[in-house]
Amino acid sequence: MNPRNIPLLCDYYEYTMGNGYIDNGIADRMVYFDIFFRRTPDKGGFAIFAGLEQFVEYIRDLRFSDSDIEFLRSKGIFCEEFLSFLKDFRFTGDIWAIPEGTPVFPGEPLVTIRARAAEAQLLETFSLLTLNHQSLIATKASRIVRAAEGRTVMEFGSRRAQGTDAAIYGARAAYIAGCGGTACTVTDKWYGVPASGTMAHSWVQMFDSEYDAFKAFCSTYPKRPIVLVDTYDALGSGVPNAIKVFRELGITEGGIRLDSGDLAFLTKKARRMLDDAGLDRIRITVSNSLDEWIIRDLIEQGACIDAFGVGDNLITSHSDPVFNGVYKLAAVEDDDGNIIPKIKISESVEKITTPHFKKIYRLFDGDGKAFADLICLHDEVIDDSEPLTIFDPSATWKKKTLTDFRAKELMVQIFKDGELVYDLPSLKEIREYSLSQVDLLWDEVKRFSNPHAYYVDLSQKLWDIKQDMIRRSRGQ
């Protein structure tokens, strides 16, 4: 699939600022922007970073058409030099990012963009909408998949998604986080996310009887058919008719699906009926407004469920539908190439940015578990053969000296001088990587309620720079 090239999918101020940079002679000043988020959805312990592939493709292929230029010219406020810049636009900067699928935490840069000011400013909206959306859905899907405790979770939400892209890319993000597949056929075609689906209630209603409907379907699809048994009476007719058809046609592998009612009660009864009929390899799938909390309750209640189909609560992240990633200036370069840190000050502490060109180390303990991330200046090197003292930026008296640990640099370079230098992994590789990285987190961080706080610390050098800039901004 060729990515959609919609250069005017920008907040209007990105154009007024870009034009203003040219008018004021600073369009070519090198700047550093960070993309980060401030709060994990659902008050969870971590998020899953997703959407990097689409972000990369957009930047690589971003071009302005003649009609785009004419539209902007019609506004009557943009100078011809700026319009000429857009007509010849090619990204020429550098980008570093955390690999897609990585568990990430508030406050740390997911992406750092170094580019000319007029270039970097134009990337803000699409970068955020892409990374925010897919990271949101991947994070929600991760919670749901973990709640299922190894049972298959299918993404069933296309019809409830908030638009075309939300359905397609939401299914992609859900797969990264561990969903087994999707109902969205085009996501299978474009990205290889396994699509599946069998029948709706309307299939059963189309036939003279439920038995006829099941027999027709199983005759057409004799290899592992799944029939929907709750159109009329799940236990009174649906499961008995399914058993009758399976036995008549010699089907021993397949399934039934329940889409309503008390799923714990119904699945336990249905399982007993199937086992008594010698159909112990027939699987039970359930759907109907599921989320991680309902799935957890069903499992705790002993429900006999092999797979879950999860729709609107997943594809919209219904319980917390906004991933609050932001795009903030962190530094500029002077005429000699020296990096000058920049900071945004706010009365809200969480909105005070961390200045400078930075990188991130993930720290692992002796058991191989990740326990903290350390944000450093771009030229700092952590030697994990030497003791390292870290501290909590929000409570600096909380300090710990590490000895038995391993440090891994997180961010990788994606673009260098406008050229893509990163080999984008396949979606399957991203998924496998993501699941392996989640396994490296302590279970306490993965709790749904009141998770253990995973520390994102600042190096002493970076902390000192930030505090000095805050003091100077206050005239101290």
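Residues numbered from 1 in each chain as written. Predicted model: local features only at pLDDT ≥ 70, side-chain atom pairs only at ≥ 80, totals over all residues. Heavy atoms only, no water.

A. Structural detail: the overall build of the chain. Per the secondary structure count, the chain includes 16 helices and 21 strands. For the C-alpha atoms alone, the extent of the chain along its principal axes is close to 80 × 60 × 40 Å. For the chain, restricting intrachain contacts to residue pairs at least 6 apart in sequence, the fraction spanning at least 24 positions comes to 73%. Total accessible area on the chain is roughly 21,600 Å²; 48% of this is exposed by carbon and sulfur atoms. Of the side-chain charges in the chain, 57 are positive and 71 negative, and the distance between the mean point of each set is 3 Å. (Helix = DSSP H or I, 4+ residues; strand = E, 2+ residues; numbered from the N terminus. Contact = heavy atoms within 4.5 Å. Areas by Shrake-Rupley, 256 points an atom, 1.4 Å probe, with all protein chains shown as cover. Lys, Arg positive; Asp, Glu negative; His and termini not counted. Charge placed at Lys NZ, Arg CZ, Asp CG, Glu CD.)

B. Expanded view of helix H3 (residues 66-74). Turning to H3, its buried residues number three or more, namely Asp68, Ile69 and Leu72. Around the axis of H3, the buried residues are gathered within 95° of arc, so they sit on the same side. Set apart from the buried face of H3 by more than 90 degrees, the exposed residues are Asp66, Ser67 and Ser74. On the buried face of H3, the contacting elements are helix H1 (12-23) and helix H4 (80-87). Downstream of H3 by one or two residues, Gly76 has phi in the positive range, about 75°. (Buried < 20%, exposed > 50% of the residue type's maximum accessible area, 1.4 Å probe, protein only. Arc of directions from axis to C-beta.)

C. Broad picture of the sheet that holds strand E1 (residues 30-37). With antiparallel pairing, the 7 strands of this open sheet are ordered in space as E13-E12-E1-E5-E3-E19-E20. Each edge of the sheet is formed by a strand with only one pairing partner; in this case those strands are strand E13 (339-341) and strand E20 (419-420). Where strand E3 (residues 94-97) and strand E19 (residues 412-416) come together, 3 bridges link them in antiparallel fashion. From the neighbouring strand, Trp96 faces E19, where its bridge partner is Gln413. (Pairing = 2+ DSSP bridges.)

D. Geometry of empty space enclosed by the protein. As enumerated under the stated definition, the model contains 1 cavity of 30 Å³ or more in all. The calculated volume of the largest cavity comes to roughly 60 Å³. Forming the walls of the largest cavity are 13 residues, and the residues nearest its centre are Gly44, Gly45, Phe46, Arg143 and Arg146. In terms of residue count, helix H6 (residues 124-147) provides more of the lining of the largest cavity than any other element does, 4 residues in total. Its residues placed into classes, the lining of the largest cavity shows 4 nonpolar, 5 polar and 4 charged. (1 Å grid on protein atoms, 1.4 Å probe; cavity = no way out; pocket = protein on both sides within 12 Å on 5 of 7 lines; lining within 4 Å. Points joined across faces, edges and corners; volume = space filled by probe spheres on them. Nonpolar A, V, L, I, M, F, W, Y, C, P; charged D, E, K, R; others polar.)

E. Structural view of the packing of aromatic side chains. Throughout the structure, instances matching the rule amount to 19 aromatic pairs. Ring centres 4.8 Å apart and planes at 35° place the aromatic pair Tyr32 and Phe357 in the tilted group. With Tyr32 in strand E1 and Phe357 in the loop between E13 and strand E14 (358-364), this pair connects stretches of sequence that are 325 residues apart. Exposure class is identical for Tyr32 and Phe357. Each is buried. (Phe/Tyr/Trp six-rings, centres within 6.5 Å; stacked < 30°, edge-to-face > 60°.)

F. Seen up close, unusual backbone geometry. Notably, His356 is not glycine yet its phi reads approximately 90°, a positive angle. With respect to the helices, strands and loops of the structure, His356 is situated in the loop between E13 and E14. Taking relative accessible area as the criterion, His356 reaches 10% and is therefore assigned buried. Phi at Asn450 takes a positive value of approximately 45°, unusual for a residue other than glycine. Inspection of the secondary structure puts Asn450 in the loop between helix H15 (427-439) and strand E21 (455-458).

G. Region of the structure containing the packing of helix H11 (residues 234-249) against helix H12 (residues 263-276). Close contact between H11 and H12 brings their axes to 11 Å; oriented N to C, the two are set at 35°. For the element pair H11 and H12, the recorded crossing hand is right-handed. Residues Ala234, Leu235, Val239, Pro240 and Ile243 of H11 pack against Phe265, Leu266, Lys269, Ala270, Met273 and Leu274 of H12. Of the residues contributing to the contact of H11 with H12, the split by class is 10 nonpolar, no polar and 1 charged. (Axes fitted to C-alpha atoms, helices over the stretch in contact; angles between N-to-C directions. Left-handed = near helix turned anticlockwise from the far one by under 90°.)

H. Examining the packing of helix H10 (residues 210-220) against H11 more closely. At their nearest, the axes of H10 and H11 sit 9 Å apart, and the two run at 40° to each other. Viewed along their axes, H10 and H11 adopt a mutual orientation that is oblique. Classified by chirality, the crossing of H11 by H10 is right-handed. Contacts between H10 and H11 involve Glu210, Tyr211, Phe214, Lys215, Cys218 and Ser219 from the first element and Ser237, Gly238, Asn241, Ala242, Lys244, Val245, Phe246, Glu248 and Leu249 from the second. Of the residues that constitute the contact of H10 with H11, the class distribution is 7 nonpolar, 4 polar and 4 charged. (Parallel < 35°, antiparallel > 145°, perpendicular 65-115°, else oblique.)

I. Spotlight on the nonpolar core. Of all hydrophobic cores here, the largest spans 135 residues; its most connected members are Val111, Ile113, Val227, Ile256 and Phe308. Residues contacting Ile256, with those up to four places away along its chain left out, are Ile226, Val227, Val229, Val239, Ala242, Phe246, Ala270, Leu274, Ile282, Arg283, Ile284 and Thr285. Of all hydrophobic cores here, the second largest spans 12 residues; its members include Leu363, Cys376, Ile382 and Leu388. (Core = buried A, V, L, I, M, F, W, Y, C linked by side-chain atoms within 4.5 Å.)

J. Up close: the side chain of Glu14. Among the secondary structure elements, Glu14 is positioned in helix H1. Among buried Asp, Glu, Lys and Arg side chains, Glu14 stands out as unpaired, with Lys328 the closest opposite charge at 11 Å. Within the structure, Glu14 has its side chain in polar contact with the side chain of Thr125 (distance 2.3 Å). Sequence-distant contacts of Glu14, defined by excluding residues within four places in its chain, comprise Gln121, Leu122, Leu123, Glu124 and Thr125. (Salt bridge = Lys/Arg side-chain N within 4 Å of Asp/Glu carboxyl O. Polar contact = N/O pair within 3.5 Å; in protein donor to acceptor, adjacent residues only side chain to side chain.)

K. Quick look at the pairing of strand E12 (residues 325-333). Along E12, 7 of the 9 residues are buried, which leaves the element largely enclosed by surrounding structure. Relative to E12, E1 runs antiparallel, the two being bridged by 7 bridges. The partner of Phe37 across the bridge, within E12, is Gly325. Relative to E13, E12 runs antiparallel, the two being bridged by 3 bridges. Note on E13: the bridge partner recorded for Val332 is Ile340. Counting the residues between successive antiparallel strands, the hairpin from E12 to E13 contains 5 residues, one of them, Gly337, with a positive phi of roughly 85°.

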